[in-house]
Amino acid sequence: MSGEADRRPAYVVGGGTLLDVAGTIARDWAALGVRGSFLARNIDTGEQLGFDAAEPVPLASVVKVPLALVVLDRVAAGELDPARPVTVDPAASGVGPTGLAAFRHPATVAVGDLLLLMLSVSDNAAADALLGLVPAEDVDARLRAWGCEGIRVRHRMDHMYACAAGAAGDDFSLALELAVRDERTGRHAITSLDPAHANAGTAAGLVALLERVWRDDISGPRVTAELRRLMGHQVFTHRLAAELRADSLRFSGKTGSFLHLRHEIGVVEADSGDRIALAALTRADRRAAQAPDIDLAIGAAGRLAFEALRS
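Presented here is an overview of the structure given in this document. (Residues numbered from 1 in each chain as written. Predicted model: local features only at pLDDT ≥ 70, side-chain atom pairs only at ≥ 80, totals over all residues. Heavy atoms only, no water.)

### Things to note about the sheet that holds strand β4 (residues 57-58)
Point 1. Taken together, three strands build an open sheet; the order of strands is β4-β8-β7 and the sheet is antiparallel. Both edges of this open sheet fall to β4 and β7 (151-152), since each of them pairs with a single strand only.
Point 2. Summarising the sheet, β7 and strand β8 (residues 200-201) pair through two bridges and their orientation is antiparallel. Paired with R152 across the strands is A200, a residue of β8. (Pairing = 2+ DSSP bridges. Helix = DSSP H or I, 4+ residues; strand = E, 2+ residues; numbered from the N terminus.)

Given below as structure tokens:
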């Protein structure tokens, strides 16, 4: 990126070979004009590799994972009925191309199915309906109580689009241009892209959360098992899972995309018993709504990290 030529990533590694892998990923991303944070950790051995893992980044739809965890915790505590019907009016709910957000008419959906829509097809309207039941400040407070460092939940999904519209009107290309410009300057015309005000997280914080979920070390085993099940239903496989497709592998994840942001977090599990948690958080230096080369680079990073960290 402009102004980043002399910047050296802060590597997080567990050995010399792992440093080589982290360096390869960082160089590949830089060659595409991508600034990012990456962390991969073997859940059972603790070995890890990555870079810039402590840098806060706006999360886009990745925030739906901690949101789901807190909602499921409320369900397990008996404070929220998963069968409770919720009517969602797309004219007054989250913006987005999938799920209820793409509907033209009101629909009534149970809380448990809102969770499925939110995590499987990244439905923003479903997420905002759940945030209507468990507000962002309550989600954030619960994460603090659990000791989840490096993750902040501050607003609804529709707030991202409202901030973009406030800065660029209905001109998506202008909003994308502003996002790229502001990434270079650190001054954010779109508030929901400012890590100090956005739903934000670090690769380290997100991998730690995934590790606790896969080790049943947060909330309760029923909650974490259900979150793992729901994350396994994600239909998008064009990023971290792109090069991790095999009968012997299972990938459970959550993407996040908004303007120049392209993220994914998840866990790949092998029949051999290996469990690798990954977080890839990227910001592109280009005004393009589609960037398949970046998605493929994220997939390559996932494969390299998995191969380096498996036992």
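### Remarks on empty space enclosed by the protein
Point 1. The final tally for this structure, using the stated rule, is two cavities of 30 Å³ or more.
Point 2. Taken as a whole, the largest cavity holds about 40 Å³ of empty space.
Point 3. Lining of the largest cavity is provided by P58, L59, A60, H155, M160, S192, A198, N199, F258 and L261.
Point 4. Roughly 30 Å³ of internal volume is contained in the second largest cavity.
Point 5. For the second largest cavity, the full set of lining residues is A179, D182, E183, H188, I190, L193 and H260. (1 Å grid on protein atoms, 1.4 Å probe; cavity = no way out; pocket = protein on both sides within 12 Å on 5 of 7 lines; lining within 4 Å. Points joined across faces, edges and corners; volume = space filled by probe spheres on them.)

### Details of helix α1 (residues 16-31)
Point 1. Compared with an ideal rise of 1.5 Å per residue, which puts 16 residues at 22 Å, α1 spans 23 Å between its outermost C-alpha atoms and is within 8% of the ideal.
Point 2. When we look at burial in α1, the residues that qualify are L18, V21, A22, G23, I25, A26 and W29.
Point 3. Where α1 is buried, its residues meet β1 (11-13), β2 (34-42), β3 (48-51), β11 (275-284) and α10 (292-309).
Point 4. Once α1 ends, the next one or two residues include G33, with phi positive near 80 degrees. (Expected span 1.5 Å × (residues − 1). Buried < 20%, exposed > 50% of the residue type's maximum accessible area, 1.4 Å probe, protein only. Contact = heavy atoms within 4.5 Å.)

### Things to note about the packing of helix α8 (residues 203-214) against helix α9 (residues 221-231)
Point 1. Here α8 crosses α9 at 115 degrees, and the two axes come no closer than 8 Å. Contacts between α8 and α9 involve L210, V213 and W214 on the former and, on the latter, T224, L227, R228 and M231.
Point 2. Of the residues in the contact of α8 with α9, the class split is five nonpolar, one polar and one charged. (Axes fitted to C-alpha atoms, helices over the stretch in contact; angles between N-to-C directions. Nonpolar A, V, L, I, M, F, W, Y, C, P; charged D, E, K, R; others polar.)

### Considerations on the layout of surface pockets
Point 1. Of the volumes computed, that of the largest pocket is approximately 660 Å³.
Point 2. Taken together, 28 residues line the largest pocket, and the ones lying closest to its centre are P97, Y161, R239, S257 and F258.
Point 3. Counting only elements with at least two residues in the lining of the largest pocket, the list comes to α6 (158-168), β9 (249-258), β10 (261-270) and α10.
Point 4. Looking at the lining of the largest pocket element by element, the count peaks at five residues for β9.
Point 5. Here the lining of the largest pocket is composed, by residue class, of 13 nonpolar, 10 polar and five charged.

### Describing the packing of α6 against helix α7 (residues 172-185)
Point 1. With their axes 9 Å apart at the nearest point, α6 and α7 run at an angle of 95 degrees to one another. Taken together, the axes of α6 and α7 are roughly perpendicular relative to one another. Contacts between α6 and α7 involve A164, A167 and A168 on the former and, on the latter, L174, A175 and L178.
Point 2. For the contact of α6 with α7, the class distribution of residues is six nonpolar, no polar and no charged. (Parallel < 35°, antiparallel > 145°, perpendicular 65-115°, else oblique.)

### Topic: the pattern of salt bridges
Point 1. By the definition in use, this model includes 22 salt bridges.
Point 2. Where R142 meets D73, a salt bridge forms, and the shortest distance between an N and an O atom there is 3.3 Å. Placement of the pair is R142 in helix α5 (residues 136-145) and D73 in helix α2 (residues 64-76), with a sequence separation of 69 residues.
Point 3. Judged by its relative accessible area of 31%, R142 is partly exposed.
Point 4. Under the relative-accessibility criterion, D73 is labelled buried at 15%.
Point 5. The closest approach of N and O atoms between R156 and D158, which form a salt bridge, is 3.3 Å.
Point 6. In this structure R156 comes out as partly exposed when scored by relative accessible area, which is 30%.
Point 7. Connected through shared salt-bridge partners, R35, E55, E183 and R283 make up one network. (Salt bridge = Lys/Arg side-chain N within 4 Å of Asp/Glu carboxyl O.)

### Let's talk about the environment of A168
Point 1. Among the structural elements, A168 can be located in helix α6.
Point 2. Note: C-alpha distance between A168 and I190 (22 residues apart in sequence) is 8.7 Å.
Point 3. Excluding its chain neighbours within four sequence positions, the residues that come into contact with A168 are L174, A175 and L178.

### Re the packing of aromatic side chains
Given two aromatic rings, one states the distance between the centres and the angle between the planes to describe the pair.
Point 1. For the structure on display, the rule yields five aromatic pairs.
Point 2. With 6.3 Å between their ring centres and 75 degrees between their planes, Y11 and F51 make a pair best called edge-to-face. Remark: F51 occurs in strand β3 and Y11 occurs in strand β1; sequence separation between them is 40 residues.
Point 3. For Y11, a relative accessible area of 31% gives the class partly exposed.
Point 4. The class of F51 is buried, set by a relative accessible area of 3%.
Point 5. Pairing W29 with F51 gives two aromatic rings, centres 5.5 Å apart and planes at 80 degrees, and the pair type is edge-to-face. Placement of the pair is W29 in helix α1 and F51 in strand β3, with a sequence separation of 22 residues. (Phe/Tyr/Trp six-rings, centres within 6.5 Å; stacked < 30°, edge-to-face > 60°.)

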